[in-house]
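The chain contents come next:
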Amino acid sequence: MTGLLHLAVALDGFGWHPQAWRFLSGSGVGSALGGRYWADLAVTAERGLLDFLTIDDTLMPQPGRRERIDPRRLAGRADAVLVAARVAPLTRHIGLVPVATVTHTEPFHISKSIATLDYVSHGRAGWQVRVSATEHEAALFGRRSVRPDELFAEARDCVEVVRRLWDSWEDDAVIRDITTGRYIDTEKLHYIDFVGKYFSVKGPSITPRPPQGQPLVSALAHATPIYEFASAAADVVFITPTDGSSAQGILAQVHAAGGGELKVFADVVVSFDGHDEFKSDALVFAGRATELVDMLLDWQRLGIDGARLRPAVNANDLPVIVDQVVPLLQRAGRFRTGYRDGETLRERLGLPPAPNRYTVQ
C-alpha cells in the first residue's frame, strides 16, 4: 500500500504507562475525570488532523482484569461515551470512538448512546466493542457469569442488535408535516424482532437513525477467535504486531478469518521520553519520531491501513505525535494536510455507505 496512512490515537487516563501520573509533576494537568482535561486532549489530536481518537473504558476502575486495586496506579475512570459527548461540541472534524462493554450491558442502551454521540458530533461517532470475562466484574452487576467460550458469540449478537436498532428508523422517518400535523411517518419505523440465545429485542430504537446510518464499529484483537468476531461484526480491527514479520502474520490471520474488508490498524504504545519500562499487550516504542514513521510506513507497505498510537504519557507524547510524527508523514506524502468539511468518519476511512436493511427499494 502506498496511499495515505490513517492515523488515530488511543487515550486512557493520563496515558498507557501504568504510572503516567508520576511524570506530570508541575505540568498543570488537571484531573483525568475533568471535562477540560479531555477537551484539551481532543483539541490537540484534532490539531494533528488525526482520523479519530478512542477513549478507553472497562468495568474496572483500573486497566486490566485484576480484582485488587493497585495503589500505585491511577484509579477511577469516567464513562467513555459520556466523555466523548462532552468533547464533541469542542471539536469539528476528529472522529470520536469510545469503548463500551457489551457484557452485562443491554444493546438497547449502547445503541441509543452511540446514536446520540453521532448526532452531537455530526457524523463522527464510532464504538469500540469490549467484552468482560471475570467473575468479579459480573459481581459488580449481581448478574450471571458468562462462559469464556460464549463471550464473543454474545458480543456478536449484541452488535447485530445494535446495528438493527440503528436501522429501525428509516432516514426520512421524521417528516414534520405542518399540513397534516404528523411529526413522523410511522410506516418508516420498524420492529427489529431479534430473538437469539442471548437477547430478545423487539425495538424500534427510541433514537432516530444516526447521521452515518451505521457509526463505525471497531474491536481490539489478539487471536483468531477475536479476528473472526471482528470480521463478522466490525468495520475496523486494531492489531498488535511487534515487528514487520508479525504484522504480516497477523494480517494473514485476519484475512483467513474472513476480514478481507476490514480496515486494519496497528496499535503501538509510544514513549518519546523513554518511559518504556513496562509491559503492554502492544509494542512499546521508545525511539525517535523519525524511526516510528519509518516503521509505520514499512508496515503500511505490508498491508496495514493505519496505526493507532497509544501515548505512554498523554501530556508528553501526544504533542510529539501532532508536532513531529504528523509533519514527517506529510512530508513523505502519506498523510492529509487538511480535513474535508462535512466529512463523516465512515467517509474518511473509505467505508461504503450503509443502506438501511428495512428500507423497501
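The rules we used
Residues numbered from 1 in each chain as written. Predicted model: local features only at pLDDT ≥ 70, side-chain atom pairs only at ≥ 80, totals over all residues. Heavy atoms only, no water. 1 Å grid on protein atoms, 1.4 Å probe; cavity = no way out; pocket = protein on both sides within 12 Å on 5 of 7 lines; lining within 4 Å. Points joined across faces, edges and corners; volume = space filled by probe spheres on them. Helix = DSSP H or I, 4+ residues; strand = E, 2+ residues; numbered from the N terminus. UniProt positions renumbered as here; feature names shortened; annotations may be inferred. Polar contact = N/O pair within 3.5 Å; in protein donor to acceptor, adjacent residues only side chain to side chain. Phe/Tyr/Trp six-rings, centres within 6.5 Å; stacked < 30°, edge-to-face > 60°. Buried < 20%, exposed > 50% of the residue type's maximum accessible area, 1.4 Å probe, protein only. Core = buried A, V, L, I, M, F, W, Y, C linked by side-chain atoms within 4.5 Å. Contact = heavy atoms within 4.5 Å. Salt bridge = Lys/Arg side-chain N within 4 Å of Asp/Glu carboxyl O.

The next point concerns the layout of surface pockets. Here the largest pocket is characterised by a volume of approximately 930 Å³. W16, D56, P63, G64 and R130 are, among the 44 residues lining the largest pocket, the residues nearest its centre. Secondary structure elements with two or more residues in the lining of the largest pocket: α2 (80-87), β4 (126-130), β9 (216-220), α6 (224-233) and β13 (306-311). It is β4 that provides the largest number of residues to the lining of the largest pocket, a total of three residues.

Taking the UniProt record as the reference, the feature "binding site: FMN" (unreviewed entry) is found at D57. The residue D57 is located in the loop between β2 (52-55) and α2 in this model. Within the structure, D57 has its side chain in polar contact with the backbone nitrogen of A80 (distance 3.0 Å).

Tallying each qualifying case throughout the model produces six aromatic pairs. Ring centres of F152 and F229 lie 5.5 Å apart, and the angle between their planes is 50°; this geometry places the pair in the tilted category. Here F152, found in helix α5 (residues 151-167), pairs with F229, found in helix α6; they are 77 residues apart in sequence, far enough to count as distant. Looking at F229, the relative accessible area reads 4%, which means it is buried. On the numbers, 6.1 Å between centres and 80° between planes, the contact of F238 with F265 is edge-to-face. One end of the pair, F238, is in strand β10 (residues 236-239); the other, F265, is in strand β11 (residues 263-270), with 27 residues separating them in the sequence. Judged by its relative accessible area of 0%, F238 falls in the buried class.

Core analysis: the largest hydrophobic core is formed by 94 residues, its most contacted members being L7, L53, W127, V268, L292, L296 and L309. No other element matches the eight residues that α5 contributes to this core. Residue contacts for L53: discarding those within four places in its chain leaves V9, L11, A42, A45, I94, G95, L96 and V97. Listed in part, the eleven residues of the second largest apolar core include A8, V97, L216 and F265.

Pairing between side chains of opposite charge can happen when their charged atoms approach one another. Per the stated rule, a full pass over the model turns up 25 salt bridges. For D323, the salt bridge is made with R47, and the minimal N-O distance between the two is 2.7 Å. Of this pair, D323 sits in helix α9 (residues 314-331) while R47 sits in helix α1 (residues 35-47); the two residues are 276 residues apart in sequence, bridging distant segments of the chain. Classification of D323 by relative accessible area gives partly exposed; the value is 41%. Of the charged contacts, one joins R336 and D51 as a salt bridge, the two residues approaching to 2.9 Å between their closest N and O atoms. Residue R336 is found in the loop between α9 and α10 (345-348), and its partner D51 is found in the loop between α1 and β2; the two are separated by 285 residues along the sequence. According to the relative accessible area criterion, R336 is buried, its value standing at 14%. Each of E160, R164, D167, D171, R209 and R357 takes part in one network of salt bridges that share partners.

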